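Secondary and tertiary structure notes
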Amino acid sequence: MSAALRTAGLSKRFGGLSAVSDVSLEIPQGARHALIGPNGAGKTTLINLLTGVLEPSAGDVFLGGERITALPQHLRVKKGLTRTFQINTLFPGLTVLESVVLAILERKGLAARWMRPVSSHRAEIGEATELLATFKLDRDAQRRTAELAYGRQRLVEIALALATRPKILLLDEPAAGIPSSESVEVLGVIAALPADVTVLFIEHDMGLVFRFAERITVLVAGRVLMEGTPEEVARNDEVKAVYLGREAHG
Amino acid sequence: MSALRGGRLIEVAFWLVPLAAFLLLPGYLMLGSQILIVALFALSLDLILGYAGIVSLGHAAFFGLGAYAAGLLAAKGWGEPLSGLLAGGVIAALAGFVASFLVVRGEDLARLMVTLGIGLLLYEAANRAAFLTGGVDGLSGVAMGKIFGVFAFDIGGKTAYLYSFAVLLLVFIFLKRLTSSPFGLSLRGIRENPARMPAIGSPVRARLVTAYTIGAAIAGIAGALLAQTTQFVGLDSLGFNRSAELLIMLVLGGTGRLYGAIVGAAVFMIAQDYLSGVNPVYWQFWLGLLLVVFVFFARGGILGAVEAAAKRLGRSSQERAR
Ligand SMILES: Nc1ncnc2c1ncn2[C@@H]1O[C@H](COP(=O)(O)OP(=O)(O)O)[C@@H](O)[C@H]1O
Ligand SMILES: [Mg+2]
């Protein structure tokens, strides 16, 4: 069986800087996989390569065995590969409900239609309302996204991604900016996704990583330092020195 | 629910204003037609700028194309108005479709330059093609037939006014539908955050190409309407000044609301008519001042300010009720 998501020798250079170097990952379907590494390690860049925001300098991306290296972003989403952003990337002037309904309309291929008003799309509005309720966002549904506090906007960020019904979900520091009490809840919703949904998440809070990840990839200076179970990663001296050590000091 | 019905009532009242003007101000029908036509033109810019977020400094290119298309048709003997209107829209749509591939790519600054460039290009082309367009003298000899074969254009401008009103209303109804549809929501999504749209699976380019083409078509229809009702097409119909003034009107009225385009066009043109009668230099001065004030103190334009005031009023009356 081919992996849900695989990269081969993936690299990205920004001028003289190698942000991602020769990364070969293999993520099986249904995985709960964490990507960790110090700031500037290239984690976000890797997600940008996987989703097609950036073009790789070298290497390939495969989705369920199909090479998607040159596929535009929106078509990767149509194939079930969705991401969230480290820094909220939302629709400030749309209401929370409108935003999620829009994502659902896009998923269903209805977003280019113009004969019926959005307000008559009952099924999509219903689905969006339910999704918002799982994040306790229902009372904010009619507010403009820009009016929400950052932490609540963070939830919209994730709700938007889930509205696309991803097969593979890439989360770039989903809990950043959320109070730690709530971050457990947020990752709980993600962990509770159907077992066949593959999740790759970047997270700095080691408590959350060890709690939710089955496997961990450690990225340092654009390269994969190691990959293994949380126990293996915790035991690894190199990781301790390079990553956990720095974390403890800084 | 009652708020919705209240909204409807205000809308109906709004559309009764131009009809009342027709009955009460017969001496101003020429100006009135011009306002209706420019309002239509402003609506076309509102779709691409107010909804889709594409800045443009050359939108008059499509207005002028529509004007010349309909004007030339009539000058060469095809004076049937409705088909002329359609021709203006189609020609402008074709040009808009082609241009959209250049416009959609860039960032704001690139878009400003590209649209500006397209406008200047067409202006110069129309200027050089004097054998066809009449060049700086303009295209005259536009002889219009009757609308539906019944209503002839009269000297008093009654037919022209009602014709312009009908076209404006029809296009408005179409745009209202378009902007409240999923397609319209996706355009607002692109305006609000073009980086997020592909991440929810939206083909941003294709949507913008569609929106830009529709916007160009409507601008073309507005241009054709001007050619038909004034029976003349001047080079200024696709000049930079017209594009710039259009942008001012839309910002003044408020973008992304449709009604803002109409209110902006009306306020602008009435003020221009009045103030430039007093003293043309003053007009530029007041216009400049008004613009600066609006950009700094009322970002949503006139309609934005009205909405904010209505909201404040609603809130205070709610508090009083409590
Ligand atoms: N678009 C870009 N242009 C130039 N350099 C970039 C760009 N994006 C990221 N970088 C650089 O690449 C490195 C990796 O960044 P990033 O992937 O954001 O790291 P992480 O997410 O692990 O903190 C950093 O040194 C960053 O400055
Ligand atoms: Mg990052």
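All of the points below concern the structure found in this document. (Residues numbered from 1 in each chain as written. Chains lettered and ligands numbered in written order. Predicted model: local features only at pLDDT ≥ 70, side-chain atom pairs only at ≥ 80, totals over all residues. Heavy atoms only, no water.)

1. As for the interface of chain A and chain B
Counting residues at the interface gives 32 residues for chain A, matched by 23 residues for chain B. In total, chain A and chain B occlude about 2,400 Å² of area from one another, counting both sides; carbon and sulfur atoms represent 63% of this. The three residues of chain A that bury the most area against chain B are Phe 91, Glu 106 and Trp 114 of chain A, which together make up 24% of that side's buried surface. Note that Glu 98 of chain A and Arg 188 of chain B form a salt bridge whose closest N and O atoms lie 3.1 Å from each other. Counting every contact that joins chain A to chain B gives 13 residue pairs in polar contact (both at pLDDT 80 or more). Sorting the residues of the side of chain A that touches chain B by element identifies α2 (73-78), β7 (81-83), α3 (96-107) and α5 (150-163) of chain A as the ones contributing at least two each. The dominant element in the side of chain A that touches chain B, judged by the number of residues it contributes, is α3 of chain A, at five residues. Here the side of chain A that touches chain B is built from residues that sort into 18 nonpolar, seven polar and seven charged. (Contact = heavy atoms within 4.5 Å. Buried area = accessible area lost by both parts, 1.4 Å probe. Salt bridge = Lys/Arg side-chain N within 4 Å of Asp/Glu carboxyl O. Polar contact = N/O pair within 3.5 Å; in protein donor to acceptor, adjacent residues only side chain to side chain. Helix = DSSP H or I, 4+ residues; strand = E, 2+ residues; numbered from the N terminus. Nonpolar A, V, L, I, M, F, W, Y, C, P; charged D, E, K, R; others polar.)

2. A few points about the environment of Ala 67 of chain B
Residues and elements named next belong to chain B. In this structure, Ala 67 sits in helix α3 (residues 60-75). The class for Ala 67 is buried, based on a relative accessible area of 1%. For Ala 67 and Ile 155, which are 88 residues apart along the polypeptide, the C-alpha to C-alpha distance reads 20 Å. When near neighbours in sequence (up to four residues on either side) are disregarded, Ala 67 contacts Gly 220, Gly 223, Ala 224, Ala 227, Val 233 and Ser 237. (Buried < 20%, exposed > 50% of the residue type's maximum accessible area, 1.4 Å probe, protein only.)

3. As for the coordination of the magnesium ion (ligand 2)
All names here are of chain A. The coordination sphere of the magnesium ion (ligand 2) contains the protein donors Thr 44 (OG1) and Gln 86 (OE1), at a distance range of 2.0 to 2.1 Å. Of this pair, Thr 44 sits in helix α1 (residues 43-51) while Gln 86 sits in the loop between β7 and α3; the two residues are 42 residues apart in sequence, bridging distant segments of the chain. With relative accessibility at 26%, the residue Thr 44 sits in the partly exposed group. On the basis of relative accessibility, which here comes to 29%, the residue Gln 86 falls in the partly exposed class. (Donors = N, O, S within 2.8 Å, 3.2 Å for Na, K, Ca; no water.)

4. What to know about the site of ligand 1
All names here are of chain A. Close to ligand 1 lie Phe 14, Leu 17, Ala 19, Pro 38, Asn 39, Gly 40, Ala 41, Gly 42, Lys 43, Thr 44 and Thr 45. Note that an oxygen atom of ligand 1 is positioned 3.2 Å from one of the backbone N or O atoms of Ala 41. Between an oxygen atom of ligand 1 and a side-chain N or O atom of Thr 45, the distance comes to 2.6 Å. Here ligand 1, which alone exposes 560 Å², has 59% of that area covered by the protein. Listing elements by their share of the shell around ligand 1, those giving two or more residues are β2 (17-23) and α1. Sort the elements by how many residues they give to the shell around ligand 1 and α1 lands first, with three residues. In the shell around ligand 1, the residues fall into five nonpolar, five polar and one charged. (Near = heavy atom within 4 Å. Areas by Shrake-Rupley, 256 points an atom, 1.4 Å probe, with all protein chains shown as cover.)

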